[in-house]
Amino acid sequence: MNEDVRNVVLGVLATGESASLGWLTRTYLWRRRLRRKQAFFGLRDGSDCLLVVNRHAGSDRAVHSVDVSALLELSALIKDCGARPEIVQHDEARQGLGDRTEFCVGGPYSNRRMAAHLASLLPGLTMNVESEPIADRGMFTVGGEAYRLVNGAAEYVILARLIGGDGGRPVFLLCGQAAIANQSAARHLARHHETLARKYGSGPFALLLKVVHSDAYGPDVVELVADVTRAALTAPAAAPAAS
């Protein structure tokens, strides 16, 4: 073998070795990111999780078309983790917490399970479900502050990761004042789950987000208003007994 042929062979071998090393490195990094993602969402390969949805107002069975978009966002996350989503109507999800990861979508006025989650898991946060006065419908109150809905201009949504029950699997709440806010929360979770995992680890969080000018921008422009975790997890002090 002359010198030129030997150099060519050595070059090919070196290129192949570098490509193999690069492939192994990318595979390792991809698997590490996947494991972190699975840990954050409480999902494993082949596991099941719940997608609990509300009903469209005025319909016995239908889900709001915008909430369907939120479900698609969440389903993509779940499938990326190698898990299987099961979609359940809010009044048919009669089971406890912690055995399976749960994503609960919709406000408490149309989602009975969301109402139970807010009462038991976020006792320091309330959402007004009364129809009158109209200006206060859907209003969030947390930490002594009130956040009112302005249709098409400012729609608020709670995005929370909470732990309940003995199984240790998380419950994700996407509780918006409007359907488009639920979709925005799902998109925010899909885009920023790595940042959220780095900040909160496996612990709980409750974030108040605002969808800005949805009439013009749809669900894409979202602002973080406040991290309300501490206030939302803290039950209000009991009123003093009348003397």
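Note that this is a predicted model, so its numbers are computed, not measured.

Trainee: What is the right way to look at helix α3 (residues 112-121) in this model?
Mentor: Since the α-helix packs 3.6 residues into each turn, any two residues three or four apart lie on the same face. Here α3 has its buried residues at Arg-113, Met-114, His-117, Leu-118 and Leu-121. Down the axis of α3, the buried side of the element spans an arc of 140 degrees, and every buried residue falls inside it. Turned more than 90 degrees away from the buried face of α3 sit Arg-112, Ala-119 and Ser-120, all of them exposed. Buried residues belonging to α3 abut β1 (48-53), β3 (101-105), β4 (125-127), β7 (154-163), β8 (170-176) and α6 (229-233).

Trainee: Help me out: how do you make sense of the sheet that holds strand β6 (residues 145-147) in this one?
Mentor: Sheet strands line up and pair through hydrogen bonds in the backbone, either parallel or antiparallel. The strand order across the open sheet formed by 3 strands is β4-β5-β6, and the pairing between neighbours is antiparallel. Of all strands in the sheet, those with a lone pairing partner are β4 and β6, marking the two edges. Strand-to-strand twist of the sheet, defined as the mean angle between neighbouring strand axes without regard to direction, takes the value 15 degrees. Bridge count for strand β5 (residues 140-142) against β6 is 3 bridges, and the pairing is antiparallel. Among the inter-strand pairings, Phe-140 is bridged to a residue of β6, identified as Tyr-147.

Trainee: Help me understand the nonpolar core in this model?
Mentor: One broad rule of soluble globular proteins: the nonpolar side chains tend to lie buried together. Counting residues in each nonpolar core, the largest one holds 29 residues, and the members touching the most others are Phe-41, Leu-74, Phe-103, Leu-174 and Leu-189. Secondary-structure elements contributing two or more residues to this core are α1 (3-41), β1, α2 (65-80), β3, β7, β8, α4 (179-200) and β9 (205-212). With 6 residues, α4 is the largest single contributor of residues to this core. Ignoring any residue separated from it by four or fewer positions in sequence, one finds Phe-103 in contact with Phe-41, Cys-49, Leu-50, Leu-51, Val-52, Leu-74, Ile-78, Phe-172 and Leu-189. Residues Leu-50, Val-52, Leu-121 and Val-142 belong to the second largest nonpolar core, which totals 25 residues.

Trainee: Looking at this structure, I do not really get the sheet that holds β7. What am I missing?
Mentor: Ordered by their spatial adjacency, 7 strands build an open sheet running β2-β1-β3-β8-β7-β9-β10, and the pairing between neighbours is mixed. Since the sheet does not close on itself, it has two edges, and those belong to β2 (84-89) and β10 (222-227), each with one partner. Shown here is a sheet whose adjacent strand axes are inclined to one another by a mean of 20 degrees, direction ignored. Pairing between β9 and β10: 5 bridges, direction antiparallel. Counted as the bridge partner of Leu-208 is Ala-226 from β10. Relative to the sheet, α2 contacts β1, β2, β3 and β8, its axis offset from that of β1 by approximately 170 degrees. Against the sheet, α4 makes contact with β3, β7, β8, β9 and β10, and its axis sits at roughly 45 degrees relative to β7, the strand it touches most.

Trainee: Please explain the environment of Val-142 as it appears in this structure.
Mentor: Following the sequence through the fold, Val-142 ends up in strand β5. Residues Val-142 and Thr-234, spaced 92 residues apart in sequence, show a C-alpha to C-alpha distance of 9.9 Å.

Trainee: Honestly, the side chain of Asn-54 in this entry has me stumped. Any pointers?
Mentor: Along the chain, Asn-54 turns up in the loop between β1 and α2. Of the polar contacts made by the side chain of Asn-54, one reaches the side chain of Ser-110; its length is 2.9 Å.

Trainee: In this structure, what is going on with the side chain of Lys-37? I would like to understand it.
Mentor: Mapped onto the secondary structure, Lys-37 falls in helix α1. Contact partners of Lys-37, with chain neighbours within four places excluded, come to Leu-77, Asp-80, Cys-81 and His-193.

Conventions and cut-offs
Residues numbered from 1 in each chain as written. Predicted model: local features only at pLDDT ≥ 70, side-chain atom pairs only at ≥ 80, totals over all residues. Heavy atoms only, no water. Buried < 20%, exposed > 50% of the residue type's maximum accessible area, 1.4 Å probe, protein only. Helix = DSSP H or I, 4+ residues; strand = E, 2+ residues; numbered from the N terminus. Arc of directions from axis to C-beta. Contact = heavy atoms within 4.5 Å. Pairing = 2+ DSSP bridges. Axes fitted to C-alpha atoms, helices over the stretch in contact; angles between N-to-C directions. Core = buried A, V, L, I, M, F, W, Y, C linked by side-chain atoms within 4.5 Å. Polar contact = N/O pair within 3.5 Å; in protein donor to acceptor, adjacent residues only side chain to side chain.

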